[in-house]
4 protein chains.
Amino acid sequence: MKILISNDDGYLAPGLLALADAMSKIAEVVVVAPERNRSGASNALTLDKPLSVSKAGDNVYFVDGTPSDCVHIALTGLLDYRPDLIVSGINQGQNMGDDTLYSGTVAAATEGFLFGIPAIAFSQAEKGWGFIDDAARFALNLVKHKLDDLHKPYLLNVNIPNCHYADIKGVQVTRLGRRHQSEPVIKSADPRGNPIYWIGPPGAAKDASEGTDFHAVAQGYVSVTPLQVDLTHTQQLLELKKVWQ
Amino acid sequence: MKILISNDDGYLAPGLLALADAMSKIAEVVVVAPERNRSGASNALTLDKPLSVSKAGDNVYFVDGTPSDCVHIALTGLLDYRPDLIVSGINQGQNMGDDTLYSGTVAAATEGFLFGIPAIAFSQAEKGWGFIDDAARFALNLVKHKLDDLHKPYLLNVNIPNCHYADIKGVQVTRLGRRHQSEPVIKSADPRGNPIYWIGPPGAAKDASEGTDFHAVAQGYVSVTPLQVDLTHTQQLLELKKVWQ
Amino acid sequence: MKILISNDDGYLAPGLLALADAMSKIAEVVVVAPERNRSGASNALTLDKPLSVSKAGDNVYFVDGTPSDCVHIALTGLLDYRPDLIVSGINQGQNMGDDTLYSGTVAAATEGFLFGIPAIAFSQAEKGWGFIDDAARFALNLVKHKLDDLHKPYLLNVNIPNCHYADIKGVQVTRLGRRHQSEPVIKSADPRGNPIYWIGPPGAAKDASEGTDFHAVAQGYVSVTPLQVDLTHTQQLLELKKVWQ
Amino acid sequence: MKILISNDDGYLAPGLLALADAMSKIAEVVVVAPERNRSGASNALTLDKPLSVSKAGDNVYFVDGTPSDCVHIALTGLLDYRPDLIVSGINQGQNMGDDTLYSGTVAAATEGFLFGIPAIAFSQAEKGWGFIDDAARFALNLVKHKLDDLHKPYLLNVNIPNCHYADIKGVQVTRLGRRHQSEPVIKSADPRGNPIYWIGPPGAAKDASEGTDFHAVAQGYVSVTPLQVDLTHTQQLLELKKVWQ
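Residues numbered from 1 in each chain as written. Chains lettered and ligands numbered in written order. Predicted model: local features only at pLDDT ≥ 70, side-chain atom pairs only at ≥ 80, totals over all residues. Heavy atoms only, no water.

Per an unreviewed UniProt entry, chain A goes by the name 5'-nucleotidase SurE and belongs to Solimicrobium silvestre. Looking at chain A in UniProt, the text filed under Subcellular location (unreviewed entry) is "Cytoplasm". (UniProt positions renumbered as here; feature names shortened; annotations may be inferred.)

The subject of this paragraph is the confidence of the model for chain A. It should be kept in mind that the predicted coordinates are not to be read in detail where pLDDT is low. For chain A, the average pLDDT comes to 95, and 100% of its residues sit at 70 or higher. Here the prediction assigns the complex a pTM of 0.93, and the interface score ipTM is 0.92. (pLDDT = per-residue confidence, 0-100.)

All right, on to the pairing of strand S7 (residues 155-160) of chain B then. All names here are of chain B. For S7, the tally of buried residues reaches six of six residues, placing the bulk of the element in the interior. The side-chain alternation of S7 yields two buried faces, one formed by Leu155, Asn157 and Asn159 and the other by Leu156, Val158 and Ile160. For the crossover that starts at strand S6 (residues 119-124), traverses helix H5 (residues 132-145) and ends in the parallel S7, the hand is left-handed. (Buried < 20%, exposed > 50% of the residue type's maximum accessible area, 1.4 Å probe, protein only. Helix = DSSP H or I, 4+ residues; strand = E, 2+ residues; numbered from the N terminus. Right-handed = clockwise from strand over helix to strand, strands pointing away.)

With that out of the way, let us pick up the interface of chain B and chain C. Note: interface size is frequently given as the accessible area lost on complex formation between the parts. At the interface, eight residues of chain B touch eight residues of chain C. Here chain B packs against chain C, burying approximately 640 Å² in sum over the two surfaces, 56% of which is carbon and sulfur. Of all residues in chain B, Arg36, Leu47 and Arg192 of chain B give up the largest surface area on contact with chain C, accounting jointly for 50% of the area buried on that side. Seen at the junction of chain B and chain C, the total is zero salt bridges. Taken together, the residues of the side of chain B that touches chain C break down into five nonpolar, no polar and three charged. (Contact = heavy atoms within 4.5 Å. Buried area = accessible area lost by both parts, 1.4 Å probe. Salt bridge = Lys/Arg side-chain N within 4 Å of Asp/Glu carboxyl O. Nonpolar A, V, L, I, M, F, W, Y, C, P; charged D, E, K, R; others polar.)

Residues and elements named next belong to chain A. Here strand S13 (residues 222-226) lies mainly inside the structure; five of its five residues are buried. Here S13 shows a buried face lined by Val222, Val224 and Pro226 and a second buried face lined by Ser223 and Thr225. Where strand S7 (residues 155-160) meets S13, four bridges bridge the pair, whose relative direction is antiparallel. When the sheet's bridge partners are listed, Leu156 is paired in S13 with Pro226. Here three bridges tie strand S8 (residues 171-173) to S13, and the two strands are oriented parallel to one another. Along S13, the bridge assignment pairs Val171 with Val222. (Pairing = 2+ DSSP bridges.)

Turning our eyes to something else, we now look at the side chain of Asp99 of chain D. All names here are of chain D. Looking at the element boundaries, Asp99 is found in helix H3 (residues 99-102). Judged by relative accessible area, which is 10%, Asp99 ranks as buried. Reaching out from Asp99, the side chain makes a polar contact with the side chain of Arg179 at a distance of 2.6 Å. (Polar contact = N/O pair within 3.5 Å; in protein donor to acceptor, adjacent residues only side chain to side chain.)

We now examine the UniProt feature "binding site: a divalent metal cation" (unreviewed entry) in chain A. Residue and element names in this part refer to chain A. As recorded in UniProt, the feature "binding site: a divalent metal cation" (unreviewed entry) lies at Asp8, Asp9, Ser39 and Asn91. A maximum C-alpha distance of 9.0 Å is found for the annotated residues, which run over 84 residues; spatially they form one tight group. Tracing the backbone through its elements, the reader meets Asp8 in the loop between strand S1 (2-6) and helix H1 (14-23). Apart from residues lying up to four places away in sequence, Asp8 is in contact with Pro34, Arg36, Asn37, Arg38, Ser39, Gly40, Pro67, Asn91, Gly104 and Thr105. Structurally, the position occupied by Asn91 is in strand S5 (residues 85-91). Looking at Asn91, the relative accessible area reads 6%, which means it is buried. In contact with Asn91, other than residues within four places in its own chain, are Asp8, Asp9, Thr105, Phe122, Ser123, Gln124 and Trp129.

The subject of this paragraph is the interface of chain A and chain B. Taken together, the contact between chain A and chain B spans 75 residues of the former and 75 residues of the latter. Summing both sides of the interface, chain A and chain B together bury roughly 6700 Å²; the carbon and sulfur share of this comes to 64%. If you sort the residues of chain A by the area they bury against chain B, Ile199, Leu231 and Trp244 of chain A come out on top, with a joint share of 13%. Taken together, the connections running from chain A to chain B amount to 21 residue pairs in polar contact (both at pLDDT 80 or more). Sorting the residues of the side of chain A that touches chain B by element identifies helix H2 (67-78), helix H3 (99-102), helix H4 (104-114), S8, strand S11 (195-198), S13 and helix H7 (234-244) of chain A as the ones contributing at least two each. Looking at which element gives the most residues to the side of chain A that touches chain B, the answer is H7 of chain A, with seven residues. Each residue belonging to the side of chain A that touches chain B can be placed in one class, and the counts come to 36 nonpolar, 23 polar and 16 charged.

Attention now goes to the environment of Pro184 of chain A. Topologically, Pro184 of chain A is positioned in the loop between strand S9 (178-179) and strand S10 (186-189). Pro184 of chain A gets classed as partly exposed once you look at its relative accessible area, which sits at 47%. Each C-alpha atom, one on Pro184 of chain A and one on Leu227 of chain A, is 29 Å from the other, the two residues being 43 residues apart in sequence. Ignoring anything within four residues of it in the chain, the contact list for Pro184 of chain A reads Gly200 of chain A together with Thr76 of chain B.

This part covers the relation of the copies chain A and chain B. For the pair chain A and chain B, the relating rotation is 180°, the translation along its axis is 0.0 Å, and the fit reaches an RMSD of 0.0 Å. Such a turn and shift between the copies fits a two-fold axis. Take the interface residues of chain A: 100% of them recur as interface residues in chain B, which is what a same-surface contact looks like. (Least-squares fit on C-alpha atoms with pLDDT ≥ 70 in both.)

A few words now on the sheet that holds strand S3 (residues 53-57) of chain D. Pairing in this open sheet of nine strands is mixed, and the strands run S3-S4-S2-S1-S5-S6-S7-S13-S8 (chain D) from one edge to the other. Two strands bound the open sheet, and with one partner strand each, they are S3 and strand S8 (171-173) of chain D. Across the sheet, the mean angle separating the axes of adjacent strands is 25° when strand polarity is ignored. On top of the sheet, helix H7 (residues 234-244) of chain C reaches strand S7 (155-160), S8 and strand S13 (222-226) of chain D; it is set at about 145° to S8 of chain D, its chief contact. (Axes fitted to C-alpha atoms, helices over the stretch in contact; angles between N-to-C directions.)

So, about the packing of aromatic side chains. In the structure shown here, the tally under the stated rule is four aromatic pairs over all chains. Seen from their ring centres, Tyr11 of chain C and Phe62 of chain C are 4.4 Å apart, and the 15° between their planes marks the pair as stacked. Note that Tyr11 of chain C is positioned in the loop between strand S1 (2-6) and helix H1 (14-23) and Phe62 of chain C in strand S4 (residues 60-63), a separation of 51 residues in sequence. Phe62 of chain C carries the same exposure label as Tyr11 of chain C, and that label is buried. The cationic tip of Lys146 of chain C hangs over the ring face of Trp244 of chain D; the distance from NZ or CZ to the ring centre is 5.0 Å. Residue placement shows Arg137 of chain D over the ring face of Tyr165 of chain D; its charged tip is 3.9 Å from the ring centre. (Phe/Tyr/Trp six-rings, centres within 6.5 Å; stacked < 30°, edge-to-face > 60°. Lys NZ or Arg CZ within 6 Å of the ring centre and 35° of its normal.)

Okay, unusual backbone geometry next. Here the bond from Lys152 of chain B into Pro153 of chain B is cis, since omega is -10°, no more than 30 degrees from zero. Locating Pro153 of chain B in the fold gives a position in the loop between H5 and S7. The omega torsion across Gly89 of chain C and Ile90 of chain C is -5°, close enough to zero to call that bond cis. Among the secondary structure elements, Ile90 of chain C is positioned in strand S5 (residues 85-91).

Listed below in structure tokens is the structure:
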């Protein structure tokens, strides 16, 4: 098996190193990841400048671009083979509910999925890299034992509690929850007195009811949400067709 | 009515100017848009640095950030009221099918929708700003006459053919089509001999059958696709629950 | 006469508009300036990505690069003639003493000088664009009447007090003063609690004695400092040769 | 002795690692260097956004800024002591003649010098890191044995031939040479057909006569040029005073 690994925290992030280490036990692994932290990059592709690819070691490359750029370049020019699986992460901090729209970790996986390759985005619920090796061990386990039942290509969003491997209660298949709207922007001033604005933290969970990713992780489970990428609002489509046409 | 306008081509782009001009006929208009072209920015939010907001004229602001940053700042700190509608664009070039995942134009509208405000992303099918005033006139018409039947908040993705207003055949409510995978990355070298990579153009339409945005625009219609933002793959969710739990 | 105009505040800055307006009374003027504010850019050249040149109007171009990039591109590829003079500014705020090492305004002029073309950097002593038309009128006057006595190419650094044209006391030819070391970096934290550092303001004048640019401007004069670009420390060179060789 | 090390190739560059390794034999060493390659940054300071400092190991920090930012932050906020010496590099490729104006390697040293601390910029004549350990050994030797005769603070620009340590012919104290003007900008097009411009390579040596850095290195010597930072053109100053005043 050949696995392509990327992330949005940068190619030197502990979460990526742990994930690469785990995956290398069952597969030939190549890392193509951003040169530096690109959290919040979403599916951004770099269209206005060319990208550089640098080799940081055997089968480890970094790119001066976004997570989507990394996977895109790997699949359409850098690698001379087609990976069997793409894994992204392990992200420092959760990607649940509406976060998935903004997440570079999810975007890296999505980019692979759009090329028809199964892809999984892994995130840890809490920041700080606590229990990262346990999270990587769980990721390995999921890849080894749980994927045979899935139609290919699949796109999974996985959030893992920060705890000992033995304390993970199991897996729950979830839908994405919803967040309340974000906290207000934080107004401040630079030292020259000019006003500046920091994007505030995401809102608290709004729909964290049973069945959601928020609920599963809060209960100590790993949340696995199967994703798709068609944003069409099918129900509204039908209604509008009746009214407008 | 109060309308917030943004885009991803930058606050000086002809498409934004035409759209603002049109909307100002029926509403109080405020522009909060990126300082420069941020095409391909997707839903990226700037989390690692603060943002500056500059005033370029009455009710015209530009931000050194992404389209999502602009709408986010406008709604959570800059404006002292809540707009009734957010319009984004008019983008230079189409945003159809899988493009919606990468588009900054769609992302600006999506950001507003996530705050519970109706939002519309407008794009022209072809680049070059041909017939931009006709497109803006159509956008105005849509906003004036077509939105009463929609549940709020709604999120619409609108693609307009580049032609005289009179030559637009009408509106079709569509689903997003699909594209073939992108063209390969273009390998080149900088003048110092270092290899560089350009992200290639998007793939041709793969699913452009009747009912899709690709089909509608190809036939000379304006395509209107209602969007939602929940990426959960509901069908696969049910299957996985049976197998895994 | 043909004059190339650039700056570091961006092609839309009031200081550049005033300067271009003034110079157009005596010369054919072309503007090639940064797309956005690049203060503090020093002589930075963009080597790791290509640059785009956009046309903003008749003989007005902006570049997504540094001030040095703008002049470099203008002289080696964009213009099909060689300008007789390069003027940079009018900068928002003074460039005196050690500031000249960091200033993008001075760098734009320096880039021209390195290509053998006379060049002048103009700055206003205070920020805020007060009396900018008076400053531009003075700049015009200098260019019209004062330059015949200079060996070409020359490189002048000009700082103008913010006051009515009639209140400018005259011109003083000065040496660069010296500043005390900068104020300490300002430690702060972003909203996520991560430490951040803002570069502090420059230090106060250390050598502002008679004959310096600081002194001239403080007395209400325009300071004109002729510059050169050879950083060799000639005296120390001689000493070291004796000791080491 | 306490030595601060920076560079412009980024904190992971082989030249910095070799230099830090060498200096650690005679001093307590701390590295504060850019997160990524910032060649050509000149003395640029980042004024429009705050900077982050990350710890990459014991006494190794990287900053998301320019070389000047790194030294500035180290001296005015990060370090709780004042280093005795600042060394920058070893740069990949020469910094001779007019290069010194653009070089981030030289700028990092200059920043320290402006704070009153002795500083040395080291560069290798050729790119590719060939004989980097020999260059580092030479740098160590220079720091150990050659600096006592210098007035403090001093600012030295050192260029080292890429060869075995034993093959270095010795040291020559030099003045900066001059280059011919740069090669023209290289016009090209991006894959979408938009014109792009690459800054061309520097010009060939124009003044490479005996006594210059170019000449010394071409003869197999290490070139050491003492630098100063006062750009005042003293001779022209005197002439202008006579004419204008």
